[in-house]
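Residue strings, one per chain:
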Amino acid sequence: MNFKHICIIGLGYIGLPTASTFAKYGIRVTGVDNNSEVLEALKHGKVHIYEPGLSEVVGAAIESGNLCVAAAPVEADAFIIAVPTPFYGEKKADLSFVRSAAESIVPVLREGNLVVLESTSPPLTTEEIVRPILEKSGLKAGIDFKLAYSPERVLPGQILRELIENARVIGGVDRSSAEAGRDLYGIFVKGDILLTDATTSEMVKLMENTYRDVNIAIANEFSRLADRFGVDVWEAIRIANRHPRVKILNPGPGVGGHCISVDPWFFVEAAPDLTPLIFNARKVNDSQPEFVMKIIERALGALTGKHIAVLGLAYKPDVDDLRESPAIDVAKLLVKDGAVVSAYEPFKPDFIVAGVKMVHSLEEAVSQADLVVLLVGHSQFKSLDPKRMATITSTRLVLDTVNGWDNQAWQEAGFKVIKLGKGKM
Ligand code: SAJ
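Per chain, residue numbering runs from 1 following the sequence as it is written. pLDDT decides what is reported in this predicted model: residues at 70 or higher carry local features, side-chain atom pairs at 80 or more are listed and counted, and totals for whole chains, interfaces and linings draw on all residues regardless. As a rule here, side-chain values come from all non-hydrogen atoms in the structure, and water together with hydrogens is ignored.

**Here's the deal with the site of the ligand**
Then step 1. The full set close to the ligand counts 19 residues, and Glu-152, Val-154, Lys-205, Arg-212 and Tyr-315 are the nearest of them.
Then step 2. Polar contacts, as counted here, are pairs of nitrogen or oxygen atoms within 3.5 Å of one another; within protein the pair requires one atom able to donate a hydrogen and one able to accept it, and residues that are adjacent in sequence qualify only if both atoms are side-chain atoms. Between an oxygen atom of the ligand and a side-chain N or O atom of Lys-205, the distance comes to 2.5 Å.
Then step 3. Residue-level accessible areas treat just the shown protein chains as cover; the underlying method is Shrake-Rupley with a 1.4 Å probe. Considering the ligand on its own, with 770 Å² of exposed area, one finds that the protein chains cover 86% of that surface.
Then step 4. Here a cavity denotes a set of grid points, spaced 1 Å apart and computed over the protein atoms alone, in which a 1.4 Å probe fits but from which it cannot get out, and a pocket denotes an open set meeting protein on both sides within 12 Å along at least five of seven lines; residues with an atom within 4 Å of a point are reported as lining. Assignment of a molecule to a cavity or pocket requires that more than half of its atoms lie within 2 Å of the corresponding grid points. Here the ligand occupies the largest pocket.
Then step 5. When residue character is reported, Ala, Val, Leu, Ile, Met, Phe, Trp, Tyr, Cys and Pro are called nonpolar, Asp, Glu, Lys and Arg charged, and the others, Gly included, polar. Class assignment for the residues of the shell around the ligand results in 9 nonpolar, 4 polar and 6 charged. We call a residue near a molecule or strand whenever a single non-hydrogen atom of that residue lies within 4 Å of it.

Now the structure itself:
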């Protein structure tokens, strides 16, 4: 198939990089979003999310005239749905954005078009939710128009590179739909393009993130065991990973973000009787902030009135995304236990967490602290000079939950360093 004009619904962390990448490759793109502030900002070349390099690519795409924005879909050769699939408090997938995006395509869907769902979705969403909505147009999927599911698999922080280099999975409701998807993404994807059916590709996406979640859960459980048995988990992992078939991931304060901490629940919701391992891995990762609290309480005793400086609130290093962040859970638990918490998140200094004093500099965060806690391994925190830290805080006690600091250097600067998962000094 030949694509001259495509319409991308949802201009968030995935839709916007995808739209600007297609535009960069010479395709006319209409980017659609229901947030008028986002549209207004984009019209002036301003980007509402932080992702390295994105601002430049979007600016160039708008300037070239290839990328324009609109509040509703227009007629096009292909439509990509890249809206969020959040989940409710009771861990159920909320497909309302996917549904309304599909509804919004119906009036402009034409014979010969391709529609691709990219949003992470429970198994059978393409076949049982998106297909019937689109077929309200009177056109039949696989016959009159093509329909496929192609999950995004890019890593926040490296989205622009991974969009192009990663292997891409395209699952069609029939073979011709998958092939049309290959023609579309083949415009810029340099990695392999793997064709399958729609439900398989939905499962592939969920399996990848669930696999990572379960693997991080075992690393977190190992950190608790090491703590109990007087072992340094970081050293133990380093040694275990020298085994040719072992690759243990890193423990930390928990698993956040809108992908890995959410997607496994889609399986649990769809088949609770088949998912005890996935369920329990989620429970382990969700309870890791409480393990961090135990370490803090062991070091400081009762927390009432204690000043604690929290470094980082993002869900992982060097991103501005705070969704489902375990660092925020730790900050909230500290407040609940009566601590006076100052938090410094350089990527979102004005974010609000009830009861937490958000500050705009490292100095402000640590000056009064009884304890400094490193919760996110942002590059600027990892490269902190402990000697400088010693001049801006009076405390000599730090907790490193991400193995971001070199013990020896910090000890030489006069600090006592507690490390998550390090049961020996
Ligand atoms: N984390 C650990 N230990 C580790 C690795 C990660 O505690 O060893 C934590 C991070 O700090 C973070 C969370 O896990 O809180 C998730 O971070 P991540 O870097 O593993 O993944 P995401 O959520 O940023 O992106 C994932 C990726 N999926 C996989 O690697 C299988 C990405 O490729 C997906 O496109 C993305 O989810 C998504 O959108 O689904």
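**Topic: the nonpolar core**
Then step 1. We call a set of buried residues a nonpolar core when its members are Ala, Val, Leu, Ile, Met, Phe, Trp, Tyr or Cys and they connect through side-chain atoms within 4.5 Å of each other. Only protein chains enter the calculation, and the probe is 1.4 Å; a residue is then buried if its accessible area is under 20% of its type maximum, exposed if over 50%, and partly exposed in between. Formed by 39 residues in total, the largest nonpolar core has its most connected members in Ile-296, Ile-308, Leu-313 and Leu-334.
Then step 2. Breaking this core down by element, the ones donating at least two residues are helix H8 (198-229), helix H9 (233-240), helix H12 (288-300), strand E9 (307-311), helix H13 (326-336), strand E10 (340-344), strand E12 (371-374) and strand E13 (397-400).
Then step 3. If you look at the next biggest cluster of nonpolar residues, it comprises 38 residues, including Ile-27, Leu-39, Ala-78 and Val-116. Counting from the N terminus, the helices are the DSSP runs of H or I reaching at least four residues and the strands are the DSSP runs of E reaching at least two.

**Some thoughts on the layout of surface pockets**
Then step 1. Grid points are joined across faces, edges and corners, and a volume is the space filled by probe spheres set on the points. The computed volume of the largest pocket comes to approximately 1100 Å³.
Then step 2. Among the elements that make up the lining of the largest pocket, the one with the highest residue count is H8 (6 residues).
Then step 3. When the residues that make up the lining of the largest pocket are grouped by side-chain class, the tally is 18 nonpolar, 11 polar and 8 charged.
Then step 4. Residue ranges assigned to the domains are those given by an automatic or database domain assignment. Both domains that furnish three or more residues to the lining of the largest pocket are identified here as domain 1 (5-205) and domain 2 (288-419).
Then step 5. Considering only enclosed or pocket space, the second largest pocket measures out at about 920 Å³ in volume.
Then step 6. If you trace the second largest pocket, you find 43 residues lining it, with Gly-12, Tyr-13, Ala-82, Val-83 and Pro-84 closest to the centre.
Then step 7. The element contributing the most residues to the lining of the second largest pocket is helix H4 (residues 96-105), with 4 residues.
Then step 8. In terms of residue class, the lining of the second largest pocket is made up of 23 nonpolar, 13 polar and 7 charged.
Then step 9. Both of domain 1 (5-205) and domain 2 (288-419) provide at least three residues apiece to the lining of the second largest pocket.

**Focus: the pattern of salt bridges**
Then step 1. Each salt bridge in this description consists of a side-chain nitrogen of Lys or Arg and a carboxyl oxygen of Asp or Glu lying within 4 Å of one another. Under the counting rule described, the total for this entry stands at 17 salt bridges.
Then step 2. The salt bridge partner of Glu-118 is Arg-168, with a shortest N-O separation of 3.1 Å. Here Arg-168 lies in strand E7 (residues 168-172) and Glu-118 lies in the loop between strand E5 (114-117) and helix H5 (125-134), a separation of 50 residues in the sequence.
Then step 3. Residue class for Glu-118 comes out buried when judged on its relative accessible area of 1%.
Then step 4. We classify Arg-168 as buried; its relative accessible area is 5%.

**So, empty space enclosed by the protein**
Then step 1. Applying the stated rule across the entire model yields 1 cavity of 30 Å³ or more.
Then step 2. Its volume calculated, the largest cavity comes out at about 50 Å³.
Then step 3. What lines the largest cavity is simply Pro-151, Arg-153, Val-154, Glu-162, Leu-163, Asn-166, Ala-167 and Arg-168.
Then step 4. Grouping the amino acids of the lining of the largest cavity by side-chain chemistry returns 4 nonpolar, 1 polar and 3 charged.

From the geometry alone we can't say anything about function, so treat these as descriptive.
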